Amino acid sequence: MKSLSVNDLKISKSLFLLDPEVTFLNHGSFGACPKRVFERYQYWQLEMEKQPVKFLQRRVPELLDKARAKLGKYLGCSADELIFFPNPTTAINMVVRNLDLKPGDEILSTDHEYGAMDRTWRFICKETGARYIQQPIPLPLTSPEELVEQIWSGVTANTKVLFFSHITSATALTFPAEELCKRAKEAGITSIVDGAHAVAQMELNLDELGADIYTGACHKWLCAPKGSAFLYVCKELQDQMLKPLVVSWGYEAEELGPSLFIDHHDWQGTRELAAFLAVPDAIEFQQQHDWQSQRERCHKLASNTRNRLNEMLQQNPISPNTPDWFLQMCAVQLPEVDEVALQTALYDRFKVEIPVYRWQGTPFVRASFQAYNDQKDADRLLASLEELVPKFV
Ligand SMILES: Cc1ncc(COP(=O)(O)O)c(C=O)c1O
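Source: prediction; values computed, not measured.

## Some words on the overall build of the protein chain
Phase 1: Along its length, the protein chain carries 14 helices and twelve strands.
Phase 2: The C-alpha radius of gyration computed for the protein chain amounts to 21 Å, which stays within 12% of the reference 21 Å derived for 393 residues, consistent with globular compactness.
Phase 3: For the protein chain, the spread of C-alpha atoms along the three principal axes comes to 65 × 55 × 45 Å.
Phase 4: Of all 393 residues assigned to the protein chain, the portion counted as buried reaches 58%.
Phase 5: In the protein chain, once contacts between residues fewer than 6 apart in sequence are set aside, the share between residues at least 24 apart is 72%.
Phase 6: Measuring between centres, the 41 positive side-chain charges of the protein chain sit 5 Å from its 52 negative side-chain charges.

## Observations concerning the site of the ligand
Phase 1: Every residue lining the ligand is accounted for by Asn87, Pro88, Thr89, Tyr114, Met117, Ser165, Ser169, Asp194, Ala196, His197, His219 and Lys220.
Phase 2: Here Lys220 contributes a side-chain N or O atom positioned 2.5 Å from an oxygen atom of the ligand.
Phase 3: Here the ligand has 400 Å² of accessible area as a free molecule, and 89% of this is covered by the chains.
Phase 4: Among the residues making up the shell around the ligand, the classes are represented as four nonpolar, six polar and two charged.

## A look at the nonpolar core
Phase 1: If you look at the biggest cluster of nonpolar residues, it comprises 135 residues, and the most contacted ones within it are Trp121, Tyr214 and Phe230.
Phase 2: In terms of residues, this core owes the most to one element, helix α3 (residues 52–75), which gives eight residues.
Phase 3: Shared between two domains, this core takes at least three residues from each, and those domains are domain 1 (13–30 + 290–392) and domain 2 (39–285).
Phase 4: Not counting chain neighbours up to four residues away, the residues in contact with Tyr214 comprise His166, Val193, Gly195, Ala198, Leu204, Leu206, Leu209, Phe230, Leu231 and Tyr232.

## Quick notes on the domain arrangement of the protein chain
Phase 1: Parsing the protein chain into structural domains produces domain 1 (13–30 + 290–392) and domain 2 (39–285).
Phase 2: Inter-centroid distance (C-alpha atoms) of domain 1 to domain 2 is 27 Å.
Phase 3: If you look at the interface, domain 1 gives 30 residues, while domain 2 gives 30 residues.
Phase 4: Across the interface of domain 1 and domain 2, roughly 2,500 Å² is buried in total on both sides, 60% from carbon and sulfur atoms.
Phase 5: Across the domain 1-domain 2 interface, the total number found is zero salt bridges.
Phase 6: The interface formed by domain 1 and domain 2 contains 13 residue pairs in polar contact (both at pLDDT 80 or more).
Phase 7: A class-by-class count of the residues in the side of domain 1 that touches domain 2 yields 17 nonpolar, ten polar and three charged.

## Overview of the sheet that holds strand β2 (residues 82–85)
Phase 1: Strands sit in the order β2-β8-β7-β6-β5-β3-β4 across an open sheet of seven strands; the sheet is mixed. Strand pairing shows two members of the sheet lacking a second neighbour, β2 and β4 (131–135), which therefore form its edges. This sheet shows a mean twist of 20° between the axes of neighbouring strands, independent of strand direction.
Phase 2: Sheet topology places strand β3 (residues 106–110) next to strand β5 (residues 159–165); three bridges connect them, and they run parallel. Paired with Leu108 across the strands is Leu162, a residue of β5.
Phase 3: Packing of helix α4 (residues 88–96) onto the sheet brings it into contact with β2, β5, β6 (190–194), β7 (213–217) and β8 (229–233), and relative to β7 it is tilted by some 160°.

## Things to note about the side chain of Asn373
Phase 1: Tracing the chain through its elements places Asn373 in the loop between β12 (362–368) and α14 (375–392).
Phase 2: Those residues within four positions of Asn373 in sequence are excluded, and the remaining contacts are Lys10, Phe24, Leu25, Arg297, Leu301 and Ser368.

## Here we look at the pairing of β8
Residues in a regular strand project their side chains so that they alternate between the two faces of the sheet.
Phase 1: With five of five residues buried, β8 lies mostly within the body of the structure.
Phase 2: With burial as the criterion, each face of β8 is covered, one bearing Ala229, Leu231 and Val233 and the other bearing Phe230 and Tyr232.
Phase 3: Both β2 and β8 contribute to a ladder of four bridges, which runs antiparallel. Along β8, the bridge assignment pairs Leu82 with Tyr232.

## What to know about the pattern of salt bridges
Note on pairing: side chains with opposite charge can pair once their charged atoms come close.
Phase 1: All told, the structure shown has 20 salt bridges when counted by the stated rule.
Phase 2: Between Lys185 and Asp212 there is a salt bridge, with the nearest N and O atoms lying 3.7 Å from each other. Of this pair, Lys185 sits in helix α7 (residues 177–187) while Asp212 sits in the loop between α8 (206–209) and β7; the two residues are 27 residues apart in sequence, bridging distant segments of the chain.
Phase 3: On the basis of relative accessible area, Lys185 is assigned to the partly exposed category, the value being 48%.
Phase 4: Taken together, the shared-partner salt bridges connect Glu47, Lys50 and Arg59 into one network.

## So, the environment of Cys218
Phase 1: Note on placement: Cys218 falls in the loop between β7 and β8.
Phase 2: Discounting residues that sit within four places of it in the chain, Cys218 has contacts with Leu71, Cys223, Ala224, Ser228, Ala229, Phe230 and Val279.

Parameters at a glance
Residues numbered from 1 in each chain as written. Predicted model: local features only at pLDDT ≥ 70, side-chain atom pairs only at ≥ 80, totals over all residues. Heavy atoms only, no water. Helix = DSSP H or I, 4+ residues; strand = E, 2+ residues; numbered from the N terminus. Rg over C-alpha atoms; globule rule 2.2 N^0.38 Å. Buried < 20%, exposed > 50% of the residue type's maximum accessible area, 1.4 Å probe, protein only. Contact = heavy atoms within 4.5 Å. Lys, Arg positive; Asp, Glu negative; His and termini not counted. Charge placed at Lys NZ, Arg CZ, Asp CG, Glu CD. Near = heavy atom within 4 Å. Polar contact = N/O pair within 3.5 Å; in protein donor to acceptor, adjacent residues only side chain to side chain. Areas by Shrake-Rupley, 256 points an atom, 1.4 Å probe, with all protein chains shown as cover. Nonpolar A, V, L, I, M, F, W, Y, C, P; charged D, E, K, R; others polar. Core = buried A, V, L, I, M, F, W, Y, C linked by side-chain atoms within 4.5 Å. Domains from an automatic or database assignment. Buried area = accessible area lost by both parts, 1.4 Å probe. Salt bridge = Lys/Arg side-chain N within 4 Å of Asp/Glu carboxyl O. Pairing = 2+ DSSP bridges. Axes fitted to C-alpha atoms, helices over the stretch in contact; angles between N-to-C directions.

This is the structure:
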């Protein structure tokens, strides 16, 4: 049987709202929403405006419960372990304020974390006297076991929390979450996982993964509308996560909802809820388009592109070239360049949308491959970098 090429099974970019003129290789930053899912999002906005009182007071609780149930089934957890948040940043901001950190407590993390998360941890450490420890994890990575040991060597008697990305942002690498959470559990350390990029790049089973707390974005790889994300808190920890970021009617609720945990966080005053309600539509969209095959095709594209880029730019790969290290995104080191000028020129001259940035002082480019990308997009990236990199070194 003929093996599938990376263009077989590609779904048409016209199913998305993306500008057809742009070679869009940055799904990782803010996702992209299919037309059909976006229509459902607008449908919920219209439903609200038709009869705002009925919608917000009488329909929303049941609609949110249903959306949460569908998301829970998709993520391998129960609906009452989940709260919708507009983004992982907000979710983690709530979590850090509930940890009861004391002077000297340590949050162990890595130097691969997302900047907004680093800032949130530094903020809470300033308030409480706790310490945010970022273990250096130098590249290249070679084995998951070694990576676990590198992180774990930062554990001390004061470590209260282990925080890491399931898939890192700048380096686009998958961290061995299951093993790290297992170790944390054995050591009595609370594990908090930033899964912003993991949702829909990989199949998740949150109850099996074993994280105490996990946040994920639905507006990235699940292709839901912007402003849809979730926080998972395992049942045993929910009583410690009851301080809402925004106090509203769910606090001292007159009518009890599914749990105190959900009551305290769900209602944050009048706000836009349509993105949350469209999450089930995003899940259905992917299920109807055989997403497992899309993921495999995109990984193949990422893997080939990574090899070609490393060869062309004469760089070393930052990890082995296997799906346990990266999935639909790949980060490649660049020779010393003006990264801002290069990113601008890629867009202005070639209409290639892709992030070029520095991580730990080294310039990188990160390519994202989603169901609407194909070989032509990868070829255009290579051709444009081949022409532009020498100009900006
Ligand atoms: C690893 C990681 N965590 C968290 C976030 C935060 O996402 P948001 O801005 O949606 O809160 C991002 C966004 O790119 C990310 O890459």
